[in-house]
Amino acid sequence: MSPTSSDKALQAILPLISAGQPYEAHQKARTFAARYTKSGAHQIAIDLLFQSARELLKAGHAGSGTDLTILLVESYERANEPVTDVSRGRLTQLIALVGPSGTWRRSIIDRAISWSAKQGPYPAGDSALQHYVGDLFLKEGDFIGAELHLLASGTRDSARLLAQLYFDWARASDSLGSHAGIFSLRGVLPYLLNGNILAARTFLGTFISYISPSGETVVIGSASDEIIVTRDSLLNFAQLAVRCVQRAAGAQNKIARDAWIRLCRTYQSRGGIIAQPQVRVLQVLNELSTLYFEIMPPRTANPNPFGDVMSSLFGGGPPGSGPAATQPRTITPSQTSTHLALD
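The paragraphs below set out a description of the structure included in this document. This structure is a prediction, so every number in the text was calculated from the model and none was measured.

### Observations concerning the packing of aromatic side chains
So, step 1. Inspection of the entire model under this criterion finds 11 aromatic pairs.
So, step 2. Taken together, a centroid distance of 5.4 Å and an interplanar angle of 15° make the contact between Phe-167 and Tyr-210 stacked. With Phe-167 in helix α9 (residues 156-172) and Tyr-210 in helix α11 (residues 197-211), this residue pair connects regions lying 43 residues apart in the sequence.
So, step 3. Classification of Tyr-210 by relative accessible area gives partly exposed; the value is 34%.
So, step 4. Connected via pairs of aromatic rings, a cluster forms that spans Phe-143, Tyr-166, Trp-169, Phe-183, Phe-203 and Phe-207.
So, step 5. One residue, Arg-35, lies across the ring of Phe-32, its end atom 5.6 Å from the ring centre.
So, step 6. Seen from the ring of Tyr-267, Arg-270 lies directly overhead, with NZ or CZ sitting 4.6 Å from the centre.

In structure tokens, the structure reads:
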């Protein structure tokens, strides 16, 4: 007869934890979970593993709790558990309990995001889960760790939080005056590469509101759309790039296409990181040209041996690295949702 709940098994497991016998509790949880899984009782195995892992983590047994959490994710995968508030909530509870020390939490996060990418609609992993992790890292002052997850989330809330992250990071490093434009590109360019114009606009508007740059307000197109022309050329470029891209329609909108070409040429002629081939910004602009305006990238010259070092400013490999794409990505003009599909 198949079991109907995990209550009996938990009665044998949880008292061991409170009695100071975490190893025995851990082993019993693994044994019971294996039996339930073998009999096809996946939901009971999931409940058992979650409650056992939670109590072990509460008692400070990070290794045993993490092991059961990984088993929980594996049970999700076997059961084809969809990403829901409940399934995600179990994992965020356990992530919060495991704490930042060691590699335990990183292991859980990686496995959880991998599961959510397979079972949800977002290839980079569930947006809410990515946002939760990014917010968690930001509260701990881990700017680089938070940045990765907030960019991957791509929601408007994540974009706003990313703006706060860069503002806090710039103030902590006393680089707000010198690097505001660089931080603006760190947020705008990855979002645009993912086809996420809404997140790019939300991030940039929030970031500008934080740094309050002095400059002249200029209307772009309609009266409701405006930019602030500042003394920071990179910040100006970021604002104009978003406006150009949001009007893109491949090769169909010649005005927007020509405006993009003029914009890139103008700022590249001024030098700086936008014009440096060894920095990833130039490669990203070529990718955006193809993605939004169907402008094929120029033929690359001999690779720069220092490219992988300099490109660390924005992450990713050196220009020209990776397998050559036989079919360039393009974005359908009508796609303007938070997560835009790529062909």
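There is more to say after this.
### Notes on the packing of helix α8 (residues 143-153) against α9
So, step 1. At a minimum axis distance of 9 Å, the contact between α8 and α9 shows a crossing angle of 155°. Considering their axes alone, α8 and α9 lie roughly antiparallel with respect to each other. Here α8 runs over α9; the crossing is left-handed. For the pair α8 and α9, the contacting residues are Phe-143, Ile-144, Ala-146, Glu-147, Leu-150, Leu-151 and Ser-153 in the first and Ser-158, Leu-161, Leu-162, Leu-165, Tyr-166, Asp-168, Trp-169 and Ala-172 in the second.
So, step 2. Tallied by class, the residues present in the contact of α8 with α9 amount to 11 nonpolar, 2 polar and 2 charged.

### Concerning the pattern of salt bridges
So, step 1. Throughout the structure, instances matching the rule amount to 19 salt bridges.
So, step 2. The partner of Arg-54 in a salt bridge is Glu-55, with the nearest N and O atoms 3.3 Å apart.
So, step 3. Using a relative accessible area of 25% as the deciding quantity, one classes Glu-55 as partly exposed.
So, step 4. Overlapping salt bridges, with partners in common, bring together Glu-74, Glu-77, Arg-78 and Arg-111 in one network.

### Comments concerning helix α13 (residues 254-268)
So, step 1. Between the first and last C-alpha of α13 there are 21 Å, a value that for 15 residues agrees with the 21 Å anticipated at 1.5 Å per step.
So, step 2. Restricting attention to buried positions, one finds in α13 the residues Ala-256, Trp-260, Leu-263, Cys-264 and Tyr-267. Around the axis of α13, the buried residues are gathered within 90° of arc, so they sit on the same side. Residues of α13 that are exposed and point over 90 degrees away from its buried face: Lys-254, Ile-255, Arg-262 and Arg-265.
So, step 3. In this fold, the buried residues of α13 make contact with α12 (233-246) and α14 (280-293).
So, step 4. With a side-chain oxygen lying 3.3 Å from the backbone nitrogen of Ile-255, the N-terminal cap of α13 falls on Asn-253.

### Topic: unusual backbone geometry
So, step 1. With a phi angle near 50°, Asp-174 is a residue other than glycine that sits in the positive phi range.
So, step 2. Here Asp-174 is to be found in the loop between α9 and α10 (176-193).
So, step 3. Its relative accessible area of 72% is what places Asp-174 among the exposed residues.
So, step 4. At Ser-212, a position not held by glycine, the phi torsion is positive, near 45°.
So, step 5. Note that Ser-212 resides in the loop between α11 and β1 (216-219).

### Examining helix α5 (residues 85-98)
So, step 1. The end-to-end C-alpha distance of α5 is 20 Å, a good match for the 20 Å that 14 residues give at a rise of 1.5 Å each.
So, step 2. The inward-facing, buried residues of α5 abut α3 (42-58), α4 (62-78), α6 (104-119) and α7 (127-139).
So, step 3. Once α5 finishes, Gly-99 follows within two positions and takes phi at roughly 85°, a positive value.

Parameters and conventions
Residues numbered from 1 in each chain as written. Predicted model: local features only at pLDDT ≥ 70, side-chain atom pairs only at ≥ 80, totals over all residues. Heavy atoms only, no water. Phe/Tyr/Trp six-rings, centres within 6.5 Å; stacked < 30°, edge-to-face > 60°. Helix = DSSP H or I, 4+ residues; strand = E, 2+ residues; numbered from the N terminus. Buried < 20%, exposed > 50% of the residue type's maximum accessible area, 1.4 Å probe, protein only. Lys NZ or Arg CZ within 6 Å of the ring centre and 35° of its normal. Axes fitted to C-alpha atoms, helices over the stretch in contact; angles between N-to-C directions. Parallel < 35°, antiparallel > 145°, perpendicular 65-115°, else oblique. Left-handed = near helix turned anticlockwise from the far one by under 90°. Contact = heavy atoms within 4.5 Å. Nonpolar A, V, L, I, M, F, W, Y, C, P; charged D, E, K, R; others polar. Salt bridge = Lys/Arg side-chain N within 4 Å of Asp/Glu carboxyl O. Expected span 1.5 Å × (residues − 1). Arc of directions from axis to C-beta. Polar contact = N/O pair within 3.5 Å; in protein donor to acceptor, adjacent residues only side chain to side chain.

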